[in-house]
There are 2 protein chains.
Amino acid sequence: MSGNKSALLFDATQRLLRRKAYGNIRRIIAKSHPADLAILLGRFDGEHRRKLFELLENDETRALVLAELDLEQQVAIVAELQVDQIVTIFNEMDQDDKADILGALREELANEILTRMSGEESLEMEGLLKYPDDSAGGIMTPEFIGLLETKTVEAAINYIRENRDVEMAFYVYVVNELGQLVGVISLRQLVVSSPDTVLRDIMEPAVVSVRVDADQEDVARLVSRYSFLAIPVTDDRNVLLGLVTVDDVIDVLKEEATEDILKMAGAGPEMMETTSVRGSVRARFPWLMISFIGELLGVFLMQPFGEALQAHHFLVFFMPIIMAMGGNLGTQSATIIVRGLATGQLIQGHFLRIYWREMRIAVLMGLIYGSFVGAVSFFLSGMELSYAISVGVSMFLAMAIAVSVGAMLPIFFSKVKIDPAVSTGPFITSAVDVLGLLVYFSVSSLLLSIM
Amino acid sequence: MSGNKSALLFDATQRLLRRKAYGNIRRIIAKSHPADLAILLGRFDGEHRRKLFELLENDETRALVLAELDLEQQVAIVAELQVDQIVTIFNEMDQDDKADILGALREELANEILTRMSGEESLEMEGLLKYPDDSAGGIMTPEFIGLLETKTVEAAINYIRENRDVEMAFYVYVVNELGQLVGVISLRQLVVSSPDTVLRDIMEPAVVSVRVDADQEDVARLVSRYSFLAIPVTDDRNVLLGLVTVDDVIDVLKEEATEDILKMAGAGPEMMETTSVRGSVRARFPWLMISFIGELLGVFLMQPFGEALQAHHFLVFFMPIIMAMGGNLGTQSATIIVRGLATGQLIQGHFLRIYWREMRIAVLMGLIYGSFVGAVSFFLSGMELSYAISVGVSMFLAMAIAVSVGAMLPIFFSKVKIDPAVSTGPFITSAVDVLGLLVYFSVSSLLLSIM
């Protein structure tokens, strides 16, 4: 569904909800895909969201729609339901999805739901709940096709026929009597092999797997690098526990991109609609504090130049443009390096080369914009050559310094194992501001005293 | 392979290449996955890269490795090979991959390669080459399993058995006599159906497809929203032309995230390692120019305050901190909104709500940091209340203005159909700088004249 159609559906539903025309809503949404219904539902909140969820066709649809929502929305919706209905809906959901929701609910409610589940299922749930959300265990599903290596192709196909609700049935994993992963067979290979072949004879023994405690980012990187549709998850004795499918990997990749972007702007790791004003203030406050402290240092460092500034107040007019040009160029360099590190395009051995490249860019840009701003200040000051040279030279130096800082800071952060994404925000701008102004005032004082 | 192992492999290979120990290199790389070899190769350039590519086991490996590289690297490597070898390697590659490379080669060389290909293949290539790189046609593969609706399950399985090189064999697409897409069957459904069933009877007729001219971003959004493993591509008469697989979608998503991040920093759309210094300067220059013009406007607008600045040069010390805090807070707001628009989490109907939320955050932050900076300036000025109030109130107002601009600019850009990602860079910082300083000087002039 295009963004346009989806906006129309939203408008129509909103109108009908206000008019309480529930029959009409049911008809409108009856033919929609659960993924589209999830987007629709995600745009409402409070009473409207509750009502719309209630209007969904049946608990199976509710389960499918719920699975597509963000965790915060899932929790908000589930918290408003009766425990009985939660259990019915959960019966229709994939294990990994309901484990995520259970893990985020109030402990009391989660326990109540667990006690109402069947014994086997509640054990499985508790198994999943012990893995961190951002680990392979946290995003895996414990439902997979795992068959003994001594089984035949025919037995495998029968197994697939009888287990229609297994999530990803394109790979069959082969295990030994201890449950250890020993090979993989694609469904395609199975289809084209004769029924009495033993799995061991057609399986691919070199199967790539991840440990249950692996970071979800590493899992996503493996799946995307090797173009897998799923990757098996094992414990430290290589016992097969579950698998992570490519659609979960796509979610991880999107989540990480959003996190990186917000971190780079110092806006905290969480997206907006789900966070309260207080939560946002708490997330953003530290970044602003870094900037505040950095710039405050600048206030103190500028004190010795007070008299010079009073005598040559013309120089004040060019403070913002020198700071801004340095800040922008430095942020460009930092962003390119941060993104290069995140995508793996940039590796340690290449740092010097990149640094050298960025410095050449800085010199070129500094020459161009230094001349521009020098010319402007020359005319604006009534042809005062000393002012023009001070402004132009300072612009050049500020841009060179900005690129040095912008290129080195992310590399430094990555060396000391801090996510370099944090460096593009307040760190670089305040460092560039303070250094740029100190250079400006020093150069000006020097030039004005000798010219 | 972890980043660590891959760095070790790089170091070892580099040493061996320098020592020309080619036998050792062959042994080291013989057991590596093509995806890992591609990463290794991507870290070299010039003669070393050429040599390493030559050392790969055979043309099949070369084809697999080549397929994993970035387009720029593919072109650089292919351009150094003999036409004969290019054709042999291309014979081992998927259609969509070689079409991308052909499209990026010098026209002369591309034509020479096309004339050496078999008639059928060169026709297919020319067909693919006519679609833009960033359209569904540009990323699709023309190899798929498409079968007539009147065929049986047995015939379908035989077809799969005989066509082992088709890229994505997990879905079978069903077409009518005109080649029009009428349904889809998963390989799993095929496996569990009896051999004499007619495809029409088990196919899912509600198949989601994309038009060949669809934007690759829209294709990626569909595949990720519905968790497809592949999506069929049709022309305007619904004739099946090819399919886009989930691994290509992951590449598109990564590419788009990188593009967005670089755009947000005003660093141009291309990544670094592949771009020359001159190319980078050209990409970044316009963004710096926007900033330059904006800040230059500020220089002129500040002129009337020259005398006041000379009389109260103490105020100059606080210009950078007011500009920086406003700029940082405004960038946070803009980034959150830009990302919300890009991921679809934020829709038009919610703008007012988000704006209101951001303004409350701005007021809180403005009160906190306005008090901080007011206190600092009070003591630093020797208890001058008028200075302290000027600085504190201006900080508060600058932060509120910054959030207004930061929240409104991306929404405005999105309304006039410009990618809102461009708004977070120079536009916001220069607008906030200029407005913030004007407010600062106006407030100070007013307060100092009445106090």
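Residues numbered from 1 in each chain as written. Chains lettered and ligands numbered in written order. Predicted model: local features only at pLDDT ≥ 70, side-chain atom pairs only at ≥ 80, totals over all residues. Heavy atoms only, no water.

Enquirer: Quick one: what's the story with the overall build of chain A, residue by residue and with numbers?
Expert: Of regular secondary structure, chain A possesses 22 helices and six strands. For a compact globule of 451 residues, the expected C-alpha radius of gyration is about 22 Å, and chain A comes in at 30 Å, more than 25% above that figure. Each principal axis of the C-alpha atoms in chain A carries an extent, and together these give about 95 × 60 × 40 Å. Across the 451 residues of chain A, 57% fall into the buried class. Expressed as a percentage of contacts within chain A between residues at least 6 apart in sequence, the contacts between residues at least 24 apart total 66%. Surface exposure of chain A reaches about 19000 Å², of which carbon and sulfur atoms provide 55%. Treating the 37 positive side-chain charges of chain A as one cloud and the 58 negative ones as another, the clouds have centres 6 Å apart. (Helix = DSSP H or I, 4+ residues; strand = E, 2+ residues; numbered from the N terminus. Rg over C-alpha atoms; globule rule 2.2 N^0.38 Å. Buried < 20%, exposed > 50% of the residue type's maximum accessible area, 1.4 Å probe, protein only. Contact = heavy atoms within 4.5 Å. Areas by Shrake-Rupley, 256 points an atom, 1.4 Å probe, with all protein chains shown as cover. Lys, Arg positive; Asp, Glu negative; His and termini not counted. Charge placed at Lys NZ, Arg CZ, Asp CG, Glu CD.)

Enquirer: An account of empty space enclosed by the protein is needed here, citing residue identities and associated values.
Expert: Counting across every chain of the model gives eight cavities of 30 Å³ or more. Its volume calculated, the largest cavity comes out at about 560 Å³. Taken together, 28 residues form the lining of the largest cavity, with N328, T331 and T429 of chain A together with T331 and T429 of chain B sitting closest to its centre. Taken together, the residues of the lining of the largest cavity break down into 12 nonpolar, 14 polar and two charged. (1 Å grid on protein atoms, 1.4 Å probe; cavity = no way out; pocket = protein on both sides within 12 Å on 5 of 7 lines; lining within 4 Å. Points joined across faces, edges and corners; volume = space filled by probe spheres on them. Nonpolar A, V, L, I, M, F, W, Y, C, P; charged D, E, K, R; others polar.)

Enquirer: How would you explain the relation of the copies chain A and chain B if you had to name every residue and give the values?
Expert: Aligned on chain B, chain A shows an RMSD of 0.1 Å; the corresponding rotation is 180° and the shift along the axis is 0.0 Å. Taken together, the rotation and translation relating the two chain copies correspond to the operation of a two-fold axis. Across chain A, the rotation axis passes nearest the C-alpha of Q310 of chain A, at a separation of 2.7 Å. When the interface residues of chain A are mapped onto chain B, 100% of them are again interface residues, pointing to one common binding face. (Least-squares fit on C-alpha atoms with pLDDT ≥ 70 in both.)

Enquirer: Talk me through the pattern of salt bridges; I want residue IDs and the actual numbers.
Expert: Following the criterion strictly, the structure yields 28 salt bridges over all chains and no others. The shortest N-O distance in the salt bridge between R357 of chain A and E358 of chain A comes to 3.5 Å. With relative accessibility at 7%, the residue R357 of chain A sits in the buried group. Between R62 of chain B and D59 of chain B there is a salt bridge whose closest N-O contact spans 2.7 Å. Taken together, the residues span about one helical turn, with R62 of chain B and D59 of chain B both in helix α5 (residues 59-68) at a distance of three residues. Accessibility assignment for this pair places R62 of chain B and D59 of chain B in one class, buried. Each of the salt bridges in this network shares a partner with another, and the network as a whole consists of E47, R50, K51 and E54 of chain A. (Salt bridge = Lys/Arg side-chain N within 4 Å of Asp/Glu carboxyl O.)

Enquirer: Outline the environment of A136 of chain A, listing residues and values.
Expert: Residue and element names in this part refer to chain A. Its place among the elements puts A136 in helix α11 (residues 136-139). Along the primary structure A136 and V75 are separated by 61 residues, whereas in three dimensions their C-alpha atoms are 22 Å apart. The contact partners of A136, leaving out residues within four places of it in the chain, are V210, R211, V212, A214, V219, V233 and V244.

Enquirer: Would you mind going over the nonpolar core in detail, with residue names and values included?
Expert: In this structure, I113 and L190 of chain A together with I113 and L190 of chain B are the most contacted members of the largest nonpolar core, which totals 180 residues. Contacts of L190 of chain A, omitting those with residues within four sequence positions, involve V153, A156, I157, I160, V172, I185, L199 and I202 of chain A. By size, the runner-up hydrophobic cluster in this structure holds 76 residues, among which are V281, M359 and A362 of chain A together with M395 of chain B. (Core = buried A, V, L, I, M, F, W, Y, C linked by side-chain atoms within 4.5 Å.)

Enquirer: Break down the sheet that holds strand β1 (residues 146-148) of chain B for me, with residues and values.
Expert: Residue and element names in this part refer to chain B. The strand order β1-β2-β3 describes an open sheet built from three strands, whose pairing is mixed. Two strands close off the open sheet at either side, each with one partner strand: β1 and β3 (181-186). The average undirected angle you get between the axes of adjacent strands in this sheet is 35°. Judged from the three bridges that link them, β1 and strand β2 (residues 171-175) form a sheet pairing that is parallel. Bridging across to β2, L148 finds its partner in V175. (Pairing = 2+ DSSP bridges. Axes fitted to C-alpha atoms, helices over the stretch in contact; angles between N-to-C directions.)

Enquirer: Could you give an account of a nonpolar patch on the surface, with specific residues and numbers?
Expert: All names here are of chain A. Nonpolar side chains collect at one region of the surface, where L385, I389, V393, L397, L446, I450 and M451 lie side by side and expose about 620 Å² of accessible area between them. Elements supplying a minimum of two residues to the nonpolar patch: α21 (385-415) and α22 (426-450). Locating M451 in the fold gives a position in the segment after α22. When its relative accessible area of 49% is taken as the criterion, M451 is described as partly exposed. (Patch = residues over 30% accessible without salt bridge, like charges linked within 9 Å, V, L, I, M, F, W, Y side chains within 5 Å.)

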